[in-house]
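The primary structure of each chain is shown beneath.
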Amino acid sequence: MEESIVKQGIVMEYLVKFVALAILIEINHLKQKKLSMKILGIGNAIIDVICKVEEEFILKNDLTKGTMKLICNENEFRKLLSSLKIERTISGGSVANSIVGLSQLGNKVGFIGKISDDDFGGKYELGLKKENVDYIYSKKKEDLPTGTCLILITPDSERTMCTFLGTAGKINEKDISSEVIKKSEMIFLEGYLWDEGDPKRAFDKAINNAKKVAMSLSDQFCVDRHKSYFLDLVKNKLNLIFANEGEIMSLIEAKNFDEVINFGKEINKSLIVTRGQKGAVSICNGHVNEIGIKENLNVVDLTGAGDLFAAGYLHGYINNFTQKECLQKGTDMSAKIIQQIGARI
């Protein structure tokens, strides 16, 4: 009798432990379900407006064919736009391009970017929704119009771009939803967005509420302009950093690429560097992986190559690929995009 009671006690103890374990597993499962997004992108919301023009139009408006001009004057932008026939629009911006790429690969993703309640703002929102991106911003009429990049294509297929940032660069902390960030596994930021004042506060709010933070350094001009802040981010606040070779060497003032490798090992983060014809390198938790470029491609447009590389790499990262496989997926995506016009696969 006594022996039977002891056995029952042991069985009950194991049963309690089993139930407790089952409850813990279910709680963790529910926590994962509550994370409504794999990756939430936060960046400049820029609508690409594609127009066909004659050579004469480029000359008449004092534009340099094949280059990008930043327009700061709204009247100049509106005057230029009024004389164009729009072929189509694409919801763009660096991080937005990456987020769309991630969506096309089957990931649940979202995007926050500031637009105005105007014609282009409506087109921008609709464009992301058509790509199954959860656009998390309640647009309203702003002082400045929606950020726009006029892509002027001449008969020889050359692309000349005129960018007016508009309200995109005026993002502030009120535009950033802490709750949405907390329900995302990772956020992805772009260096293009960062600036003193409101954008910095928006950045800080996003980072402080995120589980993991990835960021693209975006451009060497951004790096040189905000070097001390970017360096602090890279060393202390980011989990994944995307940069090309020039950007990262400028940031740490490296004399050669070996210094970049050593820096990557020291910070003990995931540093992913694209190197043009030399391929790409990841330095993650002290381990270095490299991949070469794809050969014999029919390169027609480099627009979006870095954005889609980041999309491919992040797809691998959030789906537990090896580092080599992440680099391979990034390379595959960038190889696809450079063989066509525009930043959409």
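What counts and what doesn't
Residues numbered from 1 in each chain as written. Predicted model: local features only at pLDDT ≥ 70, side-chain atom pairs only at ≥ 80, totals over all residues. Heavy atoms only, no water. Helix = DSSP H or I, 4+ residues; strand = E, 2+ residues; numbered from the N terminus. Buried < 20%, exposed > 50% of the residue type's maximum accessible area, 1.4 Å probe, protein only. Contact = heavy atoms within 4.5 Å. Areas by Shrake-Rupley, 256 points an atom, 1.4 Å probe, with all protein chains shown as cover. pLDDT = per-residue confidence, 0-100. Axes fitted to C-alpha atoms, helices over the stretch in contact; angles between N-to-C directions. Left-handed = near helix turned anticlockwise from the far one by under 90°. Core = buried A, V, L, I, M, F, W, Y, C linked by side-chain atoms within 4.5 Å. Parallel < 35°, antiparallel > 145°, perpendicular 65-115°, else oblique. Nonpolar A, V, L, I, M, F, W, Y, C, P; charged D, E, K, R; others polar. Patch = residues over 30% accessible without salt bridge, like charges linked within 9 Å, V, L, I, M, F, W, Y side chains within 5 Å. Salt bridge = Lys/Arg side-chain N within 4 Å of Asp/Glu carboxyl O. Pairing = 2+ DSSP bridges. Phe/Tyr/Trp six-rings, centres within 6.5 Å; stacked < 30°, edge-to-face > 60°.

**Brief notes about the overall build of the protein**
- A count of helices and strands for the protein gives 13 helices and 14 strands.
- The buried share of the protein, taken over its 345 residues, is 50%.
- Considering only contacts within the protein whose residues lie at least 6 apart along the sequence, 73% involve residues at least 24 apart.
- Carbon and sulfur atoms make up 51% of the accessible area of the protein, which totals about 17,400 Å².

**A closer look at the confidence of the model for the protein**
- Averaged over the protein, the pLDDT score is 89; the fraction of residues at 70 or greater is 90%.
- Confidence drops under pLDDT 50 across residues 25–34; counting only partners more than four residues distant or on other chains, this segment forms two contacts.

**A closer look at the packing of helix α12 (residues 305–318) against helix α13 (residues 323–337)**
- Orientation of α12 relative to α13, taken along the N-to-C sense of each, is 145 degrees, at an axis distance of 7 Å. At the point where α12 passes α13, the crossing takes the right-handed sense. Contacts between α12 and α13 involve A305, L308, F309, G312, Y313, H315, G316 and Y317 on the former and, on the latter, Q323, C326, L327, K329, G330, T331, M333, S334 and I337.

**Observations concerning the nonpolar core**
- Counting residues in hydrophobic clusters, the biggest one holds 54 residues, and the most contacted among them are I39, F111, Y124, L150, L152, Y313 and L314.
- Considering every element that reaches this core, the biggest residue donor is α12, with eight residues.
- Within the second largest apolar cluster, 43 residues are counted, among which are I181, F203, I207 and F230.

**Some words on unusual backbone geometry**
- Phi at N132 is positive, roughly 60 degrees, even though this residue is not glycine.
- Assignment of secondary structure puts N132 in the loop between α5 (119–130) and β6 (134–135).
- Given the relative accessible area of 63%, N132 is considered exposed.

**Observations regarding the packing of helix α10 (residues 245–252) against helix α11 (residues 257–267)**
- One can describe the packing of α10 onto α11 by two numbers: an axis separation of 10 Å at closest approach and a directional angle of 75 degrees. The angle between α10 and α11 falls in the class roughly perpendicular. Contacts from E245, I248, M249 and I252 of α10 reach α11 at F257, E259, V260 and F263.
- Here the contact of α10 with α11 is composed, by residue class, of six nonpolar, no polar and two charged.

**Considering a nonpolar patch on the surface**
- The grouping of M68, L70 and L165 at the surface amounts to a nonpolar patch, some 270 Å² of accessible area in total.
- Among the secondary structure elements, L70 is positioned in strand β3 (residues 68–70).
- A relative accessible area of 47% places L70 in the partly exposed class.

**A word on the sheet that holds strand β9 (residues 184–190)**
- Here we have nine strands laid out as an open sheet, ordered β6-β5-β1-β9-β10-β11-β12-β13-β14, and mixed in their pairing. A single partner strand is all that each edge strand has here, and the edge strands are β6 and β14 (287–291).
- Sheet topology places strand β10 (residues 213–216) next to strand β11 (residues 240–244); three bridges connect them, and they run parallel. Counterpart to M215 in the pairing with β11 is I241.
- α13 rests against β12 (270–274), β13 (280–284) and β14 of the sheet, and its axis sits at about 30 degrees to β14.

**Here's the deal with the environment of E173**
- Position of E173 relative to the elements: it lies in the loop between β8 (159–164) and α6 (178–182).
- Its relative accessible area of 37% is what places E173 among the partly exposed residues.
- Residues within four places of E173 in sequence aside, it is in contact with D198, R201, A202 and K205.

**Looking at the pattern of salt bridges**
- This model, assessed by the stated rule, comprises 18 salt bridges.
- The partner of E125 in a salt bridge is K129, and the shortest N-O contact between them spans 3.1 Å. Of the two residues, E125 and K129 both sit in helix α5, four residues apart, roughly one turn of that helix.
- Taking relative accessible area as the criterion, E125 reaches 14% and is therefore assigned buried.
- In this structure K129 comes out as partly exposed when scored by relative accessible area, which is 46%.
- A single salt-bridge network, built from bridges that share partners, covers K114, K140, E142 and D175.

**Here we look at the packing of aromatic side chains**
- Applying the stated criterion across every chain, the model contains nine aromatic pairs.
- Ring geometry for Y124 and Y135: centres 6.0 Å apart, planes at 65 degrees, overall edge-to-face. Placement of Y124 in helix α5 and of Y135 in strand β6 is noted, with a sequence separation of 11 residues between them. Residue Y124 shares its accessibility class with Y135, and that shared class is buried.
- Ring pairing ties together the aromatic residues F111, Y124, Y135 and Y137, which thus form one cluster.

**With respect to the environment of I50**
- Among the structural elements, I50 can be located in strand β2 (residues 46–52).
- Exposure remark for I50: the relative accessible area of 9% places this residue in the buried category.
- When the C-alpha atoms of I50 and L84 are compared, they prove to be 9.6 Å apart, with 34 residues separating the residues in sequence.
- Here I50 is in contact with K85, I86, E87, R88, I90, I151 and I153, once residues within four sequence places are set aside.

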